[in-house]
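Notes for the structure review
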Amino acid sequence: MRQIPVDTSAATVMVAKPAQPKVRDRRTGEIALDADGVKLMTVDVMFAANDDVEILSIAVPETGISGDLAMGTPVALTGLIARPWENEFNGQKRHGIAFRAVAVTSLAATGAKAA
């Protein structure tokens, strides 16, 4: 399957919705795992570049999430790729782009939570 690397160097990326487990099968509630058996998470981010803003849902291994990813937190996306997909269900063709990253890292200043 074709994978397209996504350049994030000129983009502003912020968390739109904190990480949640990626569900593989909605009927059974089965959680998705990657090829290594690591639980996948979904992080929705606001991706702003070239005077355009989109909300992207990005799959990332649970081990690739670091820092507090609360809504509005600026983040770095490591190894972001886009993968076109297409399927047919009940005679309906569907298509889209799936996003996957190796890691999502908070860029928020640390130390603000000292107690």
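Residues numbered from 1 in each chain as written. Predicted model: local features only at pLDDT ≥ 70, side-chain atom pairs only at ≥ 80, totals over all residues. Heavy atoms only, no water.

Digging into the sheet that holds strand β7 (residues 65-66)
Strand order in the open sheet formed by three strands is β7-β11-β8, and the pairing between neighbours is mixed. Edge positions in the sheet fall to β7 and β8 (75-78), since each of these pairs with one other strand and no more. For β7 and strand β11 (residues 103-106), the ladder comprises two bridges, and the chain directions are parallel. Counted as the bridge partner of Ile-65 is Val-104 from β11. (Pairing = 2+ DSSP bridges. Helix = DSSP H or I, 4+ residues; strand = E, 2+ residues; numbered from the N terminus.)

Details of the pattern of salt bridges
As enumerated under the stated definition, the model contains four salt bridges in all. For Arg-24, the salt bridge goes to Glu-30, with nearest N and O atoms at 3.5 Å. When its relative accessible area of 60% is taken as the criterion, Arg-24 is described as exposed. The exposure class of Glu-30 is partly exposed, given its relative accessible area of 36%. (Salt bridge = Lys/Arg side-chain N within 4 Å of Asp/Glu carboxyl O. Buried < 20%, exposed > 50% of the residue type's maximum accessible area, 1.4 Å probe, protein only.)

Notes on the confidence of the model for the protein
A low pLDDT score tells you not to read the predicted coordinates there in detail. Model confidence for the protein is summarised by a mean pLDDT of 89, while 93% of its residues fall at 70 or above. This stretch, residues 111-115, has a pLDDT under 50; its non-local contacts, to residues over four places away or in other chains, come to one contact. (pLDDT = per-residue confidence, 0-100. Contact = heavy atoms within 4.5 Å.)

Considering the sheet that holds strand β10 (residues 92-100)
Pairing in this open sheet of six strands is mixed, and the strands run β1-β9-β10-β6-β5-β2 from one edge to the other. The open sheet has two edge strands, β1 (4-5) and β2 (12-21), and neither has a second partner. As judged from the two bridges shared by strand β6 (residues 52-61) and β10, these two strands associate in the parallel manner. Note that in β10 the partner of Ala-59 across the bridge is Arg-100.

Regarding the environment of Gly-67
Of note, Gly-67 is situated in the loop between β7 and β8. In the structure, Gly-67 is positioned 40 residues away from Leu-107 in sequence and 8.1 Å away in space, judged by C-alpha atoms.

Here we look at unusual backbone geometry
Even without glycine at this site, Asn-50 takes up a positive phi of about 55 degrees. Structurally, Asn-50 is set in the loop between β5 (40-49) and β6.

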